[in-house]
Amino acid sequence: MTMATSRALLDALQLPDSARVDQRVPKKLLLENGAPTASDKRLITDAIEEIQWLAALKPNTIGVPSYRDAQREYLEVTVLGLTLRGTVKPASLARLAELMHRAVPYPVLLLVQGQALTLSLAHKRWAQNEAGKVVLDGDPVLASLPHATEDTAAVEDAIAPEIERAFVQSLSIARQPQTTLHALYQGWMERVWALQAARLTGTYQADTTPEQAAARWQALADCERLENEIGRLRAQATKEKQLARQVELNLTLKRIQAELAAARRQL
């Protein structure tokens, strides 16, 4: 993965020049402010090559109003780039993304370049038991683009499969809601959900109503839960010696497979 490929994806966002920052962030800042454990510090030291502050999306840089309600305040969306060093396992990548989101008080659009190019997003909210503190509102949502190559700087060519190409083309800031920074960020979040759904359905459909997006998110959660249950039942069935119990497990497996098919139709 080269910086050119990452820059091409950044270009696909079509952020205005007024929002660009392009400053290197010292890794020690993450070590000092975003590494709660010794293992996190080792992970940051070993796995991160470089951190870049790419853009600051504010009302005065992109013309989208800030947002505030009882749960959260969005004054800025921060765009960060993270370059990994060597091979990083998926679990370690997820942990690094979480640490990056936690270290910044604003919602972050994180672009990670490693074996694959990955986008990560996570909403923020006020902490319930500590005034003024901001915490993650749910786990980060990640979208990996494994077919990005270093042979070209053009996203349309670098992201080979049609689904990933359609996803990248849908990321332009102009195609996201412009009512508030929260709505803008939610628009990118829903694009990731659409990519996850498309990998199950074969068709990328980005434009949805808020109700449709919520239903898609629920269907994705149901699919993940049911797939995990199917895997558990299959492993259990292979170890089962009693015929009656094997029949029972197979019937349960068929029922859950039918539930999974129904959940996928909701995507």
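Residues numbered from 1 in each chain as written. Predicted model: local features only at pLDDT ≥ 70, side-chain atom pairs only at ≥ 80, totals over all residues. Heavy atoms only, no water.

## A short note on the layout of surface pockets
Gaps left between atoms are located by rolling a probe of water-molecule size over the structure's atoms.
Phase 1 of the analysis: In this structure, the largest pocket occupies an estimated 560 Å³ of space.
Phase 2 of the analysis: No other element matches the six residues that helix α9 (residues 210–239) contributes to the lining of the largest pocket.
Phase 3 of the analysis: Taken domain by domain, the lining of the largest pocket gets at least three of its residues from each of domain 1 (6–206) and domain 2 (207–266).
Phase 4 of the analysis: Here the second largest pocket is characterised by a volume of approximately 300 Å³.
Phase 5 of the analysis: What lines the second largest pocket is a set of 14 residues, among which Val25, Leu29, Leu80, Ala103 and Val104 lie closest to the centre.
Phase 6 of the analysis: Elements supplying a minimum of two residues to the lining of the second largest pocket: α2 (27–33), β2 (48–57), β5 (77–84) and α5 (90–103).
Phase 7 of the analysis: With three residues, the top contributor of residues to the lining of the second largest pocket is α2. (1 Å grid on protein atoms, 1.4 Å probe; cavity = no way out; pocket = protein on both sides within 12 Å on 5 of 7 lines; lining within 4 Å. Points joined across faces, edges and corners; volume = space filled by probe spheres on them. Helix = DSSP H or I, 4+ residues; strand = E, 2+ residues; numbered from the N terminus. Domains from an automatic or database assignment.)

## Examining the domain arrangement of the protein chain
Phase 1 of the analysis: By domain assignment, the protein chain separates into domain 1 (6–206) and domain 2 (207–266).
Phase 2 of the analysis: Put simply, the middle of domain 1 and the middle of domain 2, counted by C-alpha atoms, are 30 Å apart.
Phase 3 of the analysis: For the pair domain 1 and domain 2, the summed buried surface comes to about 890 Å²; carbon and sulfur atoms form 58% of the total.
Phase 4 of the analysis: Together, Trp193, Leu200 and Ala206 form the three largest contributors to the area buried by domain 1 at its contact with domain 2, with a combined 55%.
Phase 5 of the analysis: Run the count over domain 1 and domain 2 and you get zero salt bridges.
Phase 6 of the analysis: Here domain 1 and domain 2 share one residue pair in polar contact (both at pLDDT 80 or more) between them.
Phase 7 of the analysis: Looking at the side of domain 1 that touches domain 2 residue by residue, the class counts come to five nonpolar, three polar and two charged. (Buried area = accessible area lost by both parts, 1.4 Å probe. Salt bridge = Lys/Arg side-chain N within 4 Å of Asp/Glu carboxyl O. Polar contact = N/O pair within 3.5 Å; in protein donor to acceptor, adjacent residues only side chain to side chain. Nonpolar A, V, L, I, M, F, W, Y, C, P; charged D, E, K, R; others polar.)

## Points about the pattern of salt bridges
Phase 1 of the analysis: Tallied over the entire structure, the rule returns 17 salt bridges.
Phase 2 of the analysis: Note that aspartate 40 and arginine 95 form a salt bridge whose closest N and O atoms lie 2.7 Å from each other. Pair noted here: aspartate 40 is in helix α3 (residues 38–47) and arginine 95 is in helix α5, with a separation of 55 residues, a long-range link.
Phase 3 of the analysis: The partly exposed category is assigned to arginine 95, whose relative accessible area is 26%.
Phase 4 of the analysis: Here arginine 72 ties to aspartate 137 by a salt bridge, and the two come within 3.0 Å at their closest N and O atoms. Placement of the pair is arginine 72 in the loop between β3 (67–68) and β4 (73–74) and aspartate 137 in the loop between β9 (134–136) and β10 (141–145), with a sequence separation of 65 residues.
Phase 5 of the analysis: One network of salt bridges, in which partners are shared, links Asp40, Arg95, Glu98 and Arg102. (Buried < 20%, exposed > 50% of the residue type's maximum accessible area, 1.4 Å probe, protein only.)

## Points about the UniProt feature "coiled-coil region" (unreviewed entry) in the protein chain
Phase 1 of the analysis: Those places that UniProt annotates as "coiled-coil region" (unreviewed entry) correspond, in this numbering, to residues 216–266.
Phase 2 of the analysis: With 92% helix and 0% strand, residues 216–266 has end C-alpha atoms that lie 7 Å from one another. (UniProt positions renumbered as here; feature names shortened; annotations may be inferred.)

## Quick look at unusual backbone geometry
Phase 1 of the analysis: Although it is not a glycine, glutamine 14 adopts a positive phi angle of roughly 55 degrees.
Phase 2 of the analysis: Among the secondary structure elements, glutamine 14 is positioned in the loop between α1 (3–13) and β1 (20–25).
Phase 3 of the analysis: The exposed category is assigned to glutamine 14, whose relative accessible area is 53%.
Phase 4 of the analysis: Of note, the phi angle at aspartate 22 is positive, near 55 degrees, even though the residue is not glycine.
Phase 5 of the analysis: Residue placement: aspartate 22 occurs in strand β1.

## Section: the packing of helix α7 (residues 162–169) against helix α8 (residues 181–201)
Phase 1 of the analysis: Between α7 and α8, the least distance of the axes is 10 Å, while the angle of their chain directions is 170 degrees. Regarding the angle of α7 to α8, the classification is roughly antiparallel. Contacts from Ile163, Glu164 and Phe167 of α7 reach α8 at Arg191, Val192, Leu195, Ala198 and Arg199.
Phase 2 of the analysis: Among the residues forming the contact of α7 with α8, the class breakdown is five nonpolar, no polar and three charged. (Axes fitted to C-alpha atoms, helices over the stretch in contact; angles between N-to-C directions. Parallel < 35°, antiparallel > 145°, perpendicular 65-115°, else oblique. Contact = heavy atoms within 4.5 Å.)

## Looking at the sheet that holds β1
Phase 1 of the analysis: Ordered in space as β1-β2-β5-β6-β7-β10, the six strands form an open sheet in which the pairing is mixed. At either end of the open sheet lies a strand with only one pairing partner, and these are β1 and β10. Strand-to-strand twist in this sheet, taken as the mean axis angle between neighbours without regard to direction, amounts to 20 degrees.
Phase 2 of the analysis: The sheet contacts of α3 involve β2 and β5, and relative to β2 the element is tilted by about 90 degrees.
Phase 3 of the analysis: Sitting on the sheet, α7 is in contact with β7 (117–121) and β10, with an inclination near 125 degrees to β10. (Pairing = 2+ DSSP bridges.)

## Regarding the side chain of glutamate 240
Phase 1 of the analysis: As for its position among the elements, glutamate 240 is in the loop between α9 and α10 (243–265).
Phase 2 of the analysis: Buried and unpaired, glutamate 240 has arginine 245 as its nearest opposite-charge partner, separated by 4.2 Å.
Phase 3 of the analysis: Among all residues touching glutamate 240, those that are not within four sequence positions of it are Arg245, Gln246 and Leu249. (Lys, Arg positive; Asp, Glu negative; His and termini not counted.)

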